[in-house]
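Reading the structure
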Amino acid sequence: MKRIAVLGMPNTGKSTFFNRFTGATASVGNWAGMTVDLMMATLKIGEVTADVIDLPGIYDLRGFSEDEMVVQRFLESTPLHLIIIILNTVQIDRQLSLALQIKRLQIPAILLLNMADEAPKFGVKVNAEKIAQHLEMPVISMSAKYGNQYGKGYDAAIDAIAQTLHQQEHPICVRNISDCAIDDRQLATELDAILQDAVHISTQHSNTLTTRLDRFLLHPILGLPLFFAAMYLMFQVVYTLGTPLQAFLSFGLDWIKVAALEPVFTPFPSFLKGFLIGGLYDGIGTVVAFIPVILLFFFCMAIVEDSGYLARSAFLMDAFMERLGLDGRSFVMSLMGFGCNVPAIMGTRVMRSPGLRMLSMLVIPFSLCSARLNVFIFMTTALFTPQVAPGVLFSLYLFSFAAALVTALLFKGQFPNHDPLVLELPPYRFPTIKQIFVRAWVEVKHFLRWSNQFIIAGVVIIWLLNHLPMDVPPASKQTLSGMIGQAVQPLLQPLGINSQLAIALIFGFVAKEVVLGGLAVIYGASNDAGLGGAIAHQIDWVQAYSFMLFTLLYIPCLSTIAVLKRESKSAKFATLAVVWSIALAWITSFLFYQGARLLGF
Amino acid sequence: MSVSHSHLAALKPGHIAIIASLNLSPQFHQRLLALGFRQGRQVTMLRRSAFAGPIHVRIGTTEVMLRRRDAQNVNVTLVRR
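Residues numbered from 1 in each chain as written. Chains lettered and ligands numbered in written order. Predicted model: local features only at pLDDT ≥ 70, side-chain atom pairs only at ≥ 80, totals over all residues. Heavy atoms only, no water.

1. Notes on the domain arrangement of chain A
How large an interface is tends to be reported as the accessible area lost when its parts come together. According to the domain assignment, chain A contains domain 1 (2-201) and domain 2 (206-601). Here the C-alpha centroids of domain 1 of chain A and domain 2 of chain A sit 40 Å apart. (Domains from an automatic or database assignment.)

Here it is, written out as structure tokens:
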């Protein structure tokens, strides 16, 4: 087995190449001694089988950023047969420095000049053979986006990779990167020599499509409204298409349950049957129901990200978000969280600074997602007059914003973001349909693999809590969850939340969709109208609003916790997110409930 | 054509300048170097965002945004208004 590393600067289409090269068969693997996951795939190239590892995009081999240190540690600990270097042809004037640094490592390398299709537009002409002479490695112009539909470059690249790999018998490991380092002055001299000899850049490219688009999209006055319009559009696309799909999917799952599973399991003891269907099957259903939204979300994210607009959003929102210790991209993700927190948290991956990313992940769960909206719409209609209800709903959105703001301000010291913000604003481009699909599919695959066990275990535990011991009515005061409901009364009574509502909150840990179902079980009403009446009979509006505030602020659902833990790779951080949100929920509900009672409501 | 010394954050949209020196932390210096910010290179100010937000510049074929307070440490010589 031979080993290849793919290395390149950010925004060079490195992942596009990696996906095309490996046929999107890659999976995230934990590499020994690495704290981060690297994408890797095993494939047959010519007659040789090889592991291909996608390293994070870096600017400088000697750098100090998290990604750069990952690459250094990887190179110093992993013997390699070949390094594939990916650079952007258009930006060759500066990116060649990375190839010059890699040349010093004495590991066989191939330089792929990607995005060759864009070079003529920017007046960049490159003589690959001459560069190859300077660098003493094969240099090939190609387009990872269009593959063999663009010239012969891609096929030539694969041939060169196969040939070098075939010739290289033994892997080579770098002992110490700093021994191979080259100082800035010498780097600049060598770079200039190659540029003089092999590269021609015309200066007449200033009126490209990108320049013209930016005049509108980054306009000092028009820029922000256009940005909000674009976000609103994306939000609408994801959730107007996603919600019916989600409903369709759960309808299908219910149908299977009623038509197939229940008859099959009829002979089983009712406890076991309940466990398998109500616990396990419904648990899997909870996970599966997220797929359409995640898929659609990442369709849109692929477009926003690959088009270059995401970096522009940072430009537009940075002045405001910087004061909160965040940046423009955090804002985009928080907005997305108003649909569903799970993909929004996954979306923070585009941020490279860990502090920034953690703070963003702490803030996103306060975005009022569509699941919570269902609960609020139901409760506001049941307890408020039609004139007041929309205002009540709107006030919950305000609380959602305020909670995010307060959290960012309180925790920005804990998650310092020292990275000075410097972001490339790449030219606008549109990804191919295939790129969009591959991206979304890879995300869905990861979500299923990592979240499955966690969520299903959670659902099963909640089901057991509600059904044990076996000889009492489900979800009644005598069950384990009922006892917990009683036990937490001293904590929740000051918020006006009675033990029945407390059990619903426990249900809500799984998913907010379950809160309504939970209330229905507890109040013993099967339809919405009956349930509304039953609740209105038992609690007043102050209690209801306090309950809604708590529901809004405490951790959204098990899926969110699972994703928080997976993305932060820290159980401590996930715990902090849970504890802080519950604390904030308690304090807010307490202040509201006691305040309202004091005022005589 | 007048020649004057200034820093990157002070340029107005459309101004073209030559980088004179970079007065930054080693980490940030290295990052800007990799993005093409070298002594003697030409940089064009494209726009400045509202509310004292970041600036948008072009250097070679690369366009970059950076925060104003970071850009203040990039000294430039103005060559064209």
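2. Focus on helix H4 (residues 128-135) of chain A
Residues and elements named next belong to chain A. Residues Ala128, Ile131, Ala132 and Leu135 constitute the buried set of H4. The buried residues of H4 occupy one face: seen down the axis, they fall within an arc of 105°. Opposite the buried face of H4, at more than 90 degrees from it, the exposed residues are Glu129 and Gln133. The inward-facing, buried residues of H4 contact helix H3 (92-103), strand E6 (109-114), strand E7 (124-126), strand E8 (139-141), helix H6 (184-198) and strand E9 (199-201). Regarding H4, its N-cap is Asn127, as a side-chain oxygen of that residue lies 3.2 Å from the backbone nitrogen of Glu129 further along. (Buried < 20%, exposed > 50% of the residue type's maximum accessible area, 1.4 Å probe, protein only. Helix = DSSP H or I, 4+ residues; strand = E, 2+ residues; numbered from the N terminus. Arc of directions from axis to C-beta. Contact = heavy atoms within 4.5 Å. Polar contact = N/O pair within 3.5 Å; in protein donor to acceptor, adjacent residues only side chain to side chain.)

3. Quick word on the side chain of Thr89(A)
Residues and elements named next belong to chain A. Mapped onto the elements, Thr89 comes out in the loop between strand E5 (82-88) and H3. Note on Thr89: relative accessible area 2%, which makes it buried. There is a polar contact of 3.3 Å between the side chain of Thr89 and the backbone oxygen of Leu113. Setting aside residues up to four positions removed in sequence, Thr89 forms contacts with Leu113, Asn114, Met115, Ala116, Ala119, Val124 and Val126.

4. Describing empty space enclosed by the protein
All told, the structure shown has three cavities of 30 Å³ or more when counted by the stated rule. Looking at the largest cavity, its volume works out to about 90 Å³. Taken together, twelve residues form the lining of the largest cavity, with Phe122(A), Thr210(A), Pro427(A), Thr61(B) and Glu63(B) sitting closest to its centre. Mapped onto the lining of the largest cavity, the elements with two or more residues apiece are helix H7 (209-217) of chain A together with strand E5 (62-66) of chain B. Considering only residue class, the lining of the largest cavity consists of four nonpolar, six polar and two charged. Of the volumes computed, that of the second largest cavity is approximately 50 Å³. (1 Å grid on protein atoms, 1.4 Å probe; cavity = no way out; pocket = protein on both sides within 12 Å on 5 of 7 lines; lining within 4 Å. Points joined across faces, edges and corners; volume = space filled by probe spheres on them. Nonpolar A, V, L, I, M, F, W, Y, C, P; charged D, E, K, R; others polar.)

5. Considerations on unusual backbone geometry
Residue and element names in this part refer to chain A. Phi at Met115 is positive, roughly 60°, even though this residue is not glycine. Tracing the sequence through the fold places Met115 in the loop between E6 and E7. Take Met115: its relative accessible area is 10%, and that puts it in the buried class. Positive phi is not limited to glycine here, since Lys569 has a value of about 55°.

6. Here we look at the nonpolar core
Residues and elements named next belong to chain A. Within the largest apolar cluster, 114 residues are counted, with the highest numbers of intra-cluster contacts made by Met379, Leu396 and Ile497. Sort the elements by how many residues they give to this core and helix H10 (residues 291-307) lands first, with ten residues. What Met379 contacts, discounting residues up to four positions off in sequence, is Phe384, Ile535, Ile539, Ala544, Phe547 and Met548. (Core = buried A, V, L, I, M, F, W, Y, C linked by side-chain atoms within 4.5 Å.)

7. Thoughts on the pairing of strand E4 (residues 55-59) of chain B
All names here are of chain B. Burial runs high along E4: five of the five residues are buried. Pairing of strand E3 (residues 42-48) with E4, which is carried by five bridges, proceeds in the antiparallel orientation. Opposite Arg47, over in E4, you have His56 as the bridge partner. Here E3 folds back onto E4 in antiparallel fashion, the turn holding six residues, of which Phe51 has a positive phi close to 55°. (Pairing = 2+ DSSP bridges.)

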